[in-house]
Amino acid sequence: LAKTTQPISMDSYEGQEVNITCSHNNIATNDYITWYQQFPSQGPRFIIQGYKTKVTNEVASLFIPADRKSSTLSLPRVSLSDTAVYYCLVGAQRSNDYKLSFGAGTTVTVRA
Amino acid sequence: EPEVTQTPSHQVTQMGQEVILRCVPISNHLYFYWYRQILGQKVEFLVSFYNNEISEKSEIFDDQFSVERPDGSNFTLKIRSTKLEDSAMYFCASSGAGTSRSYEQYFGPGTRLTVT
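Each value, and the rule that gives it
Residues numbered from 1 in each chain as written. Chains lettered and ligands numbered in written order. Predicted model: local features only at pLDDT ≥ 70, side-chain atom pairs only at ≥ 80, totals over all residues. Heavy atoms only, no water. Helix = DSSP H or I, 4+ residues; strand = E, 2+ residues; numbered from the N terminus. Buried < 20%, exposed > 50% of the residue type's maximum accessible area, 1.4 Å probe, protein only. Rg over C-alpha atoms; globule rule 2.2 N^0.38 Å. Contact = heavy atoms within 4.5 Å. Areas by Shrake-Rupley, 256 points an atom, 1.4 Å probe, with all protein chains shown as cover. Lys, Arg positive; Asp, Glu negative; His and termini not counted. Charge placed at Lys NZ, Arg CZ, Asp CG, Glu CD. Disulfide = S-S within 2.5 Å. Pairing = 2+ DSSP bridges. Axes fitted to C-alpha atoms, helices over the stretch in contact; angles between N-to-C directions.

Trainee: Is there a simple way to explain the overall build of chain A in this structure?
Mentor: Along the backbone of chain A there are 0 helices and 9 strands. When the helices and strands of chain A are read in sequence order from the N terminus, they spell out β-β-β-β-β-β-β-β-β. With respect to the three principal axes, the spread of C-alpha positions in chain A is 40 × 30 × 25 Å. A total of 112 residues make up chain A; the buried ones form 44% of that total.

Here's what the structure looks like:
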């Protein structure tokens, strides 16, 4: 698995956009970038996955530059309920089971 | 929306006792996992299970641990002779077959195991 580096914590206020950048300099050609979210005392939840350029869903956007050595998860107009730990995972796409290797993640705290 | 369920939500046991943590994965999923998270630490992979056998396990998953799918719906994690350091939140997860997003695993709410 490619090693990832992301900030330990970020603070924001309600209504702001939060951008979390993850560095993965050793990303391989077959690797995808996946983000999970974990609320306190809950299991992680899949947010978004991408390979290149931009991916958007109802929760977030994922921006991946051409060199793919980093990626940015963008949370638009956050609310207090977006306070959580966000994990960046990088690994090869597979059609069968795969163990997820979580790092420390980025703790996002949204304040009123 | 289908979800993974786990029971009990909290289990307190004495050191040396055996515990069984139960999970009901999403019904049409084929791949099942157990993870654990010690308080304040990262989520750690324990084991993956497919076609009624273990497909991968971590160094944590030693002879003290075992998994089973006793029927068509339940997936269990047994911890024999529990130790204080087994105290953690244990998460069950499942994923489907043939998905274009192989990293999309669905996690249950967890069982908090406290060993005293």
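Trainee: Is there a simple way to explain the overall build of chain B in this structure?
Mentor: Per the secondary structure count, chain B includes 0 helices and 11 strands. For chain B, the sequential pattern of α-helices and β-strands runs β-β-β-β-β-β-β-β-β-β-β. Taken over the C-alpha trace, chain B has a radius of gyration of 14 Å; the compact-globule value for 116 residues is 13 Å, and the two agree within 12%. If you line up chain B on its principal axes, its C-alpha atoms span 40 × 25 × 25 Å. Within chain B, buried positions represent 46% of all 116 residues. For chain B, the share of sequence-separated contacts (at least 6 apart) that also reach a separation of at least 24 residues comes to 55%. Counting every atom, chain B has about 5,800 Å² of accessible surface; 45% of that belongs to carbon and sulfur. Placing the 10 positive and 14 negative side-chain charges of chain B at their respective mean positions leaves the two points 2 Å apart.

Trainee: Where do I start with the state of the cysteines in this structure?
Mentor: The term disulfide refers to a covalent linkage connecting the sulfur atoms of a pair of cysteines. Scanning all chains against the criterion turns up 2 disulfides over all chains. At a sulfur-sulfur separation of 2.2 Å, the disulfide partner of C22 of chain A is C88 of chain A. On the S-S bond that ties C22 of chain A to C88 of chain A, the torsion sits near -80 degrees, and the link is left-handed. A residue pair is termed long-range when its members are at least 10 positions apart, and C22 of chain A in strand 2 (residues 18–23) and C88 of chain A in strand 8 (residues 84–92) qualify at 66 residues. An identical accessibility class is assigned to C22 of chain A and C88 of chain A; each is buried. Paired through a disulfide, C23 of chain B and C92 of chain B show a sulfur-sulfur distance of 1.9 Å. One quick way to see it: the torsion about the S-S bond of C23 of chain B and C92 of chain B is about -60 degrees, and its sign makes the bridge left-handed.

Trainee: Would you mind going over the sheet that holds strand 6 (residues 61–64) of chain A with me for this structure?
Mentor: Strand-to-strand pairing in sheets goes through backbone hydrogen bonds, with the strands running parallel or antiparallel. Residue and element names in this part refer to chain A. As summarised here, the arrangement of the 4 strands in space is 2-7-6-5, forming an open sheet in which the pairing is antiparallel. Whereas interior strands pair on both sides, the edge strands pair on one side only; in this sheet they are strand 2 and strand 5 (53–56). Each strand of the sheet is rotated relative to its neighbour by a mean of 15 degrees, with strand direction disregarded. Relative to strand 7 (residues 70–75), strand 2 runs antiparallel, the two sharing 6 bridges. Residue pairing for strand 7: V18 is matched across the bridge by L75.

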